[in-house]
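# Structural description and commentary
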Amino acid sequence: KNIDPKMIEMIENEILDNTGSVTWDDIAGLEFAKTSVMEIVVWPMLRPDIFTGLRGPPKGLLLFGPPGTGKTMIGKTIASEANATFF
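Residues numbered from 1 in each chain as written. Predicted model: local features only at pLDDT ≥ 70, side-chain atom pairs only at ≥ 80, totals over all residues. Heavy atoms only, no water.

Three or four residues apart is the spacing at which side chains of an α-helix point the same way, because the helix has 3.6 residues per turn. Listing the buried residues of helix 3 (residues 71–81) in full gives I74, G75, T77, I78 and A79. Those residues of helix 3 hidden inside the fold are in contact with helix 2 (31–46). Looking one or two residues beyond helix 3, the residue adopting positive phi is N83, at roughly 55°. (Buried < 20%, exposed > 50% of the residue type's maximum accessible area, 1.4 Å probe, protein only. Helix = DSSP H or I, 4+ residues; strand = E, 2+ residues; numbered from the N terminus. Contact = heavy atoms within 4.5 Å.)

Now the structure itself:
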């Protein structure tokens with residue numbers, strides 16, 4: 001695979017978040033947001049066989065609010081729970 005080693009190093013050092021896994025318990029409050037995200041994002045990623053046809057998950061999710069309200073923490077938790085990479 002002709003990938004520039006400098007590019008790989010830059011991605012690993014600058015872009016990838018290697019702060020460790022974040023769990024739902026790490027996020028204080030935001031119970032409605034956490035429940036909604038689990039139903040919309042996490043469960044369909046873990047069990048795609050169940051979420052097909054009319055039971056398919058929404059195509060997107062918008063997290064909005066002022067700085068410091070937990071949007072990034074929810075994103076990190078989604079990535080952690082789904083065994084995905086958080087950029």
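With that out of the way, let us pick up the layout of surface pockets. Remark: the empty space left among the atoms is shown by a probe the size of a water molecule rolled over them. Within this model, the largest pocket holds a volume of roughly 190 Å³. Along the wall of the largest pocket there are 13 residues; nearest its centre are A33, L62, L63, F64 and I74. Elements represented by at least two residues in the lining of the largest pocket include exactly helix 2 and helix 3. The greatest single-element share of the lining of the largest pocket, amounting to four residues, is contributed by helix 2. Here the residues of the lining of the largest pocket are counted per class, giving nine nonpolar, three polar and one charged. (1 Å grid on protein atoms, 1.4 Å probe; cavity = no way out; pocket = protein on both sides within 12 Å on 5 of 7 lines; lining within 4 Å. Points joined across faces, edges and corners; volume = space filled by probe spheres on them. Nonpolar A, V, L, I, M, F, W, Y, C, P; charged D, E, K, R; others polar.)

Looking at the element boundaries, K34 is found in helix 2. Within the local environment of K34, its side chain forms a polar contact with the backbone oxygen of W24, the two atoms lying 3.3 Å apart. Within the structure, K34 has its side chain in polar contact with the side chain of E31 (distance 3.3 Å). Other than its neighbours up to four places away in sequence, K34 contacts W24, I27 and G29. (Polar contact = N/O pair within 3.5 Å; in protein donor to acceptor, adjacent residues only side chain to side chain.)

Side chains of M7, M10, I11 and F87 sit close together on the surface and give an oily, nonpolar patch of about 390 Å² of accessible area. Checked against the element boundaries, F87 lands in the segment after helix 3. What makes F87 exposed here is its relative accessible area of 63%. (Patch = residues over 30% accessible without salt bridge, like charges linked within 9 Å, V, L, I, M, F, W, Y side chains within 5 Å. Areas by Shrake-Rupley, 256 points an atom, 1.4 Å probe, with all protein chains shown as cover. Salt bridge = Lys/Arg side-chain N within 4 Å of Asp/Glu carboxyl O.)

Attention now moves to helix 2. Its axis deflected by about 40° at M38, helix 2 carries its strongest bend there. Those residues of helix 2 that sit buried are K34, S36, V37, V41, V42 and P44. Buried positions along helix 2 lie against helix 3. (Bend = angle between axes of the 7 residues up to and from the residue.)

In this section: the nonpolar core. What tends to happen in soluble globular proteins is that the nonpolar side chains get buried as a cluster. Grouped together as the largest cluster of nonpolar side chains are seven residues: W24, I27, V37, V41, V42, I74 and I78. Of all elements in the fold, only helix 2 and helix 3 reach the threshold of two or more residues within this core. Filtering out sequence-adjacent residues up to four positions away, I74 remains in contact with I27, L30, A33, V37 and L63. (Core = buried A, V, L, I, M, F, W, Y, C linked by side-chain atoms within 4.5 Å.)

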